[in-house]
There are 2 protein chains.
Amino acid sequence: MSPARHFTFWWLSLILLLSVTALGRVATGQQVGGDARHPNDRSDAVARTMQVAQRAFDHFRRGLATGQWQPFLDMLSDDFTFYFPTGKYQGLHVGKAKAAEFFHYVASVFTEGVQITEVLRVTADEKTVVFEFRDEGKLHGQMYKNRVAVSLDVCGDKICGYREYFGSDGKSN
Amino acid sequence: MSPARHFTFWWLSLILLLSVTALGRVATGQQVGGDARHPNDRSDAVARTMQVAQRAFDHFRRGLATGQWQPFLDMLSDDFTFYFPTGKYQGLHVGKAKAAEFFHYVASVFTEGVQITEVLRVTADEKTVVFEFRDEGKLHGQMYKNRVAVSLDVCGDKICGYREYFGSDGKSN
């Protein structure tokens, strides 16, 4: 091989190698150059977290409406914690048993159920999803309306944290 | 040029062109192949939204502590809307003038200021950032403690929506 042909051969081989490497990374969903892990992985993590939280929220919504809380309770982690704003359960509580007690208490005071009438905003990142919504029902027979924010922490396929906040005085939403 | 050299020349040129194109895309932060816009653009949008909301929250925090609300008010859009949970300003309000009136009212009832003692969680997506925090101060001279969620909508470099929720009864946090 002449020196010129030698040079051309190695240059071609190098470019071919780089191209194949780049295509391989693209095929496996990595970004070429820079932080190869960041943006796709983050989007995937947000989507997974959102999926788990949305499933829990659907069960939560049906729990409020029907008093059937078991599907929601089945999604709670063993170390589940929750905060509630007012009344008998005001403050922090720990554990699934306490959660079961609380949500059955909710069913007992809203005997005709609570309807989530409008979801105002859903904000999600990799570990937490915040649902802002309006609800209404009858509390001990009296008209009840509220705006509520519920912040759900997701751990794997379970809900491990729940923080509820009231956006109204329970008389309008 | 011989046919073999002709072939080598065009093959080299093609690979060179593809490589330069790929490098150009990497240099401008685009992903090579697939949906070139999605993951990076989303991450960038979340980061921009977070930056604006964090600046507003820092002004909000100082506003609560000092009663100096102007830097926060300067970040509100002309069509700013806000919800507050209880009392005189319970419900929805529209406009910067109403916001100025409200936040000066806050300063008038918390004459010694309110301290945000702990930020518990910050959840951000492309348009909204939710801050969950504990605060405390003296309301009309009485000890006040709360857990609060404030959901801020970001429009460009302004805050266009504000929804406040209470996580406690104002007596513990």
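Look up: the structure comes first, before these words.
Residues numbered from 1 in each chain as written. Chains lettered and ligands numbered in written order. Predicted model: local features only at pLDDT ≥ 70, side-chain atom pairs only at ≥ 80, totals over all residues. Heavy atoms only, no water.

**Student:** Give a detailed account of the layout of surface pockets, specifying residues and quantitative values.
**Tutor:** Picture a little ball the size of a water molecule; that probe, rolled over the atoms, points out where space is still empty. All names here are of chain B. Estimates place the volume of the largest pocket at around 620 Å³. Taken together, 35 residues form the lining of the largest pocket, with Phe84, Thr86, Tyr144, Asn146 and Phe166 sitting closest to its centre. Elements with a minimum of two residues in the lining of the largest pocket: α2 (38-66), α4 (96-109), β4 (128-139), β5 (142-155) and β6 (158-166). (1 Å grid on protein atoms, 1.4 Å probe; cavity = no way out; pocket = protein on both sides within 12 Å on 5 of 7 lines; lining within 4 Å. Points joined across faces, edges and corners; volume = space filled by probe spheres on them. Helix = DSSP H or I, 4+ residues; strand = E, 2+ residues; numbered from the N terminus.)

**Student:** Hey, could you go over the side chain of aspartate 135 of chain B for me, with residue numbers and the actual values?
**Tutor:** Residues and elements named next belong to chain B. Of note, aspartate 135 is situated in strand β4. No salt bridge is formed by the buried aspartate 135, whose closest oppositely charged neighbour, arginine 147, lies at an N-O distance of 9.3 Å. Setting aside its immediate chain neighbours within four residues, aspartate 135 contacts Val114, Gln115, Ile116, Thr117, Tyr144, Lys145, Asn146, Val148 and Asn173. (Buried < 20%, exposed > 50% of the residue type's maximum accessible area, 1.4 Å probe, protein only. Lys, Arg positive; Asp, Glu negative; His and termini not counted. Salt bridge = Lys/Arg side-chain N within 4 Å of Asp/Glu carboxyl O. Contact = heavy atoms within 4.5 Å.)

**Student:** Residues and numbers for empty space enclosed by the protein, please.
**Tutor:** The final tally for this structure, using the stated rule, is two cavities of 30 Å³ or more. In this model, the second largest cavity occupies a volume close to 50 Å³. When residues of the lining of the second largest cavity are traced back to their parent elements, those giving at least two are α2 (38-66) of chain A together with α2 of chain B. Residue composition of the lining of the second largest cavity, by class: four nonpolar, two polar and two charged. (Nonpolar A, V, L, I, M, F, W, Y, C, P; charged D, E, K, R; others polar.)

**Student:** I'd like a rundown of the environment of arginine 134 of chain A, residues and numbers included.
**Tutor:** Residue and element names in this part refer to chain A. By the element assignment, arginine 134 lies in strand β4 (residues 128-139). Residue arginine 134 is classed as buried on the basis of its relative accessible area of 17%. Sequence separation between arginine 134 and lysine 88 is 46 residues; the distance between their C-alpha atoms is 22 Å.

**Student:** Which residues make up the side chain of aspartate 153 of chain A, and what values go with them?
**Tutor:** Along the chain, aspartate 153 of chain A falls in strand β5 (residues 142-155). Reaching out from aspartate 153 of chain A, the side chain makes a polar contact with the side chain of arginine 163 of chain A at a distance of 2.8 Å. The residues contacting aspartate 153 of chain A, other than those within four sequence positions of it, are Lys127, Thr128, Lys158, Ile159, Cys160, Gly161 and Arg163 of chain A together with Arg121 of chain B. (Polar contact = N/O pair within 3.5 Å; in protein donor to acceptor, adjacent residues only side chain to side chain.)

**Student:** Can you lay out helix α4 (residues 96-109) of chain A for me, pointing to particular residues and giving the numbers?
**Tutor:** Residues and elements named next belong to chain A. With 14 residues, α4 should reach 20 Å at 1.5 Å per residue; the first-to-last C-alpha distance of 20 Å fits that figure. For α4, the set of buried residues is Ala99, Phe102, Phe103, Val106 and Val109. Taken end-on, α4 shows its buried residues confined to a sector of 120°, consistent with a single buried face. (Expected span 1.5 Å × (residues − 1). Arc of directions from axis to C-beta.)

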